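Observations on the model geometry
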Amino acid sequence: MSQPGSSESIKSVLHETRRFPPPADFTAQANISSEEQYQEMWNRAKDDPAGFWGEIATETLSWSKPFDKACEGTMPNTKWFGGGQINACYNCVDRHALTWRKNKAAIIWEGEPGDTRVLTYGDLQREVSKFANVLKQLGVETGDRVTLYMPMIPELAIAMLACARIGATHSIIFGGFSADAVADRNNDAQSKVVVTADAGWRRGKEVPLKSAVDESLKKSTTVEKVVVVRRTGSPVNMVPDRDYWWHDLMAKASADCEAVAVDAEHPLFILYTSGSTGKPKGVLHTTAGYLLGAQMSTRWVFDLREEDTYWCTADIGWITGHSYICYGPLANGASVVMYEGAPNWPDNGRFWEIIEKYKVSIFYTAPTAIRAFIKWGDEWPNKHDLSSLRLLGSVGEPINPEAWMWYHKVIGAERCPIVDTWWQTETGAIMISPLPGITSTKPGSCTRPLPGVVPDIVTKSGKSLGPNEGGLLVMKQSWPSMLRTLYGDHDRYLKTYFSDIEGCYFAGDGARRDEDGFYWVMGRVDDVLNVSGHRLSTMEVESALVSHPLVAEAAVVGFPHEIKGEGICCFVIPKGQTPEDAAKQDLINHVRKQIGALATPDQIRFTSALPKTRSGKIMRRLLRDIAAGKESQGDTTTLEDYTVLAKLREEDE
Ligand code: PRX
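So, a few notes on the structure that sits alongside this text. Everything quoted here is computed from the prediction, not taken from an experiment.

Neither face of strand β17 (residues 309-312) is exposed, since Thr309 and Trp311 on one face and Tyr310 and Cys312 on the opposite face are all buried. In this sheet, strand β18 (residues 335-339) lies alongside β17 in parallel orientation, the contact comprising three bridges. Across the sheet, the residue bridging to threonine 309 is serine 335, located in β18. Looking at chain direction, β17 and strand β19 (residues 362-365) are connected through three bridges and run parallel. When the sheet's bridge partners are listed, tyrosine 310 is paired in β19 with isoleucine 362.

With that settled, the discussion passes to the site of the ligand. By nearness alone, 17 residues border the ligand, and Asp420, Thr421, Thr425, Arg524 and Arg535 come closest of all. Backbone polar atom of proline 398 to a nitrogen atom of the ligand: 3.3 Å apart, as the coordinates give it. Take aspartate 420: an N or O atom from its side chain is 2.7 Å from a nitrogen atom of the ligand. Considered on its own, the ligand offers 540 Å² of accessible surface; in the complex 96% of this is hidden by protein. Broken down by secondary-structure element, the contributors of at least two residues to the shell around the ligand are α11 (319-331), β21 (418-421) and β26 (519-524). Class assignment for the residues of the shell around the ligand results in six nonpolar, six polar and five charged.

The terminal C-alpha atoms of helix α6 (residues 154-166), which comprises 13 residues, lie 19 Å apart, in line with the 18 Å expected from a rise of 1.5 Å per residue. The first or second residue beyond α6 is glycine 167, which carries a positive phi of 75°.

Tracing the chain through its elements places aspartate 308 in the loop between α10 (287-301) and β17. According to the relative accessible area criterion, aspartate 308 is buried, its value standing at 4%. Looking at aspartate 308, its side chain comes within polar contact range of the main-chain nitrogen of arginine 305, at 2.8 Å. A distance of 2.8 Å separates polar atoms of two side chains, one belonging to aspartate 308 and the other to arginine 390.

Moving on: the nonpolar core. Grouped together as the largest cluster of nonpolar side chains are 164 residues, with contacts concentrated most on Phe81, Phe131, Leu161, Trp300, Phe302, Tyr327 and Leu545. Sort the elements by how many residues they give to this core and α6 lands first, with ten residues. Here this core spans two domains, and each of domain 1 (18-87 + 261-276 + 284-455 + 484-502) and domain 2 (548-652) adds at least three residues to it. Those residues in contact with leucine 161, other than ones at most four positions away along the chain, are Cys89, Cys92, Val93, Leu124, Val128, Cys326, Tyr327 and Leu330. Val360, Leu386, Trp406 and Cys416 belong to the second largest nonpolar core, which has 30 residues in total.

Criteria and thresholds
- Residues numbered from 1 in each chain as written.
- Predicted model: local features only at pLDDT ≥ 70, side-chain atom pairs only at ≥ 80, totals over all residues.
- Heavy atoms only, no water.
- Buried < 20%, exposed > 50% of the residue type's maximum accessible area, 1.4 Å probe, protein only.
- Helix = DSSP H or I, 4+ residues; strand = E, 2+ residues; numbered from the N terminus.
- Pairing = 2+ DSSP bridges.
- Near = heavy atom within 4 Å.
- Polar contact = N/O pair within 3.5 Å; in protein donor to acceptor, adjacent residues only side chain to side chain.
- Areas by Shrake-Rupley, 256 points an atom, 1.4 Å probe, with all protein chains shown as cover.
- Nonpolar A, V, L, I, M, F, W, Y, C, P; charged D, E, K, R; others polar.
- Expected span 1.5 Å × (residues − 1).
- Core = buried A, V, L, I, M, F, W, Y, C linked by side-chain atoms within 4.5 Å.
- Domains from an automatic or database assignment.
- Contact = heavy atoms within 4.5 Å.

Structure follows, in structure tokens:
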């Protein structure tokens with residue numbers, strides 16, 4: 001799927017002709033209900049982005065001070081809603097808690113062991129205000145960074161909204177990352193406070209978090225205080241004057257805390273994401289533009305209605321959870337289901353049980369999960385009443401048409417539209433997606449850009465390509481929820497996203513546009529792995545391997561994997577003699593410890609040489625072919641030593 005951009009265009013091999021128009025009753029009630037309405041919105045946003053977004057921002061967000069100008073400057077240094085002041089927490093919580101929604105469920109939470117909690121908007125306002133006071137008491141000020149390294153419990157949403165309430169910038173680190181990864185990110189963001197838990201539940205086992213924080217703090221240069229939620233009750237080490245229990249601090253905190261009005265461009269959060277080279281990138285999102293993007297895309301794409309019960313299965317530690325568990329749905333006053341644990345605990349039917357129990361109407365998950373459901377068998381969903389569902393979504397990687405069809409038939413009963421949503425950590429909000437009331441979907445296509453999104457498919461030299469020609473997916477116009485910088489490294493921001501194609505944001509993906517203007521994303525053009533819908537840097541896995549005493553050099557590539565989308569294959573040159581096979585498990589454990597379980601290698605292959613260019617760059621494209629068991633295709637003329645390929649194939653088990 002993922003092809004290196006060695007030629008001017010990328011060959012596309014997927015040809016899909018099935019069409020699925022929206023059911024008439026869905027269209028009749030939809031937020032965007034006619035093709036004309038979409039065309040009018042899209043054209044207006046393209047021709048007059050400031051006018052289009054300015055009107056929507058004024059109408060749909062609550063401002064502390066109105067903005068002067070909706071949009072100034074051009075990409076990459078665009079400023080949105082300059083002069084305006086706003087608070088994201090106020091928009092997600094207070095403005096609902098001040099209406100009849102005070103007693104509407106905001107978060108309907110289920111823990112993996114089966115415990116449940118429901119927080120109304122009124123409850124959320126109280127808890128968030130209290131925790132905002134706790135943060136202040138610990139010395140957190142507007143503009144400071146706070147790290148959240150937590151399980152999927154309501155306290156995570158409360159903590160992020162509390163940061164937003166006082167204008168502190170949150171940096172959420174997915175709970176599966178290791179102590180080293182936490183330390184690096186804390187140091188990069190210069191976090192002052194870490195909020196964590198003793199542990200979380202995953203497949204009936206405890207995932208320790210506090211102990212990882214303790215480990216990470218040995219390398220921290222900035223963290224002063226740690227707040228610990230008691231979740232599993234397992235013993236933890238509490239350091240006096242540094243570590244505090246959440247429940248102790250909350251018991252004493254006042255529920256009165258005004259939301260601080262911050263500038264529209266005030267940093268709301270940093271979220272670290274992998275690039276193909278170098279350390280993780282601290283993607284920075286600002287307040288008003290991000291919130292507007294998350295809010296409006298939720299309304300348009302998920303066709304959100306007051307009475308919906310909406311469930312996005314992502315972890316809040318990824319951008320999908322930021323935008324579509326927290327900010328997007330809460331800005332709309334929705335009822336959001338949040339689940340702590342694994343989809344196959346205590347059995348493979350857990351997700352379907354949750355849908356039946358809470359009568360979920362909108363369900364948003366990832367192709368990697370869908371592939372697992374298919375493998376587990378139809379009997380699991382078939383045991384449950386899924387008739388409450390009215391809309392299904394997919395995100396994270398291209399969904400293969402067969403998985404799409406399964407989702408449509410077995411989960412959606414051929415009744416629910418599917419929105420295949422393309423976007424990225426950097427885009428903040430969904431960019432290309434069906435609008436469920438009007439789009440005739442095609443399995444495998446994320447279809448058309450949302451209003452305000454102006455993409456193109458171009459060659460490396462920036463030439464626009466015609467229908468069905470594969471090329472690079474770029475954005476030609478700024479949008480409110482785009483990242484503003486990489487934290488602490490604006491040059492890297494400019495270089496990573498804006499230096500490849502003149503005047504455009506380059507997303508790093510290859511795609512084609514068909515004769516109807518529908519987009520088909522083909523995967524990433526660089527070396528980043530996409531494991532279970534999450535981007536991982538090959539370079540980070542390689543660094544972890546090389547830090548093991550047995551390893552001299554390593555090259556890591558993805559290969560097609562039935563469940564995870566991409567599996568991780570590691571070519572390893574050992575120091576000295578080729579080790580016993582048992583050493584492979586040792587290396588796998590080492591990578592897990594260094595990066596986290598998500599980066600667990602699927603294959604370790606010992607080799608004596610790696611294919612390299614003359615300048616010494618590893619030619620991963622050739623390794624990918626070997627890992628996938630394919631003949632090498634394309635140009636090998638830059639290969640330094642031709643015999644290496646033959647050797648690698650001989651070594652292939
Ligand atoms: O390659 C695309 C793929 O995931 C990348 C973004 O990864 P991340 O920043 O981790 O965010 C994931 C959740 C938004 C993209 O560059 N991707 C995401 N959604 C799709 C997709 N590829 C194809 N179709 C999608 N719907």
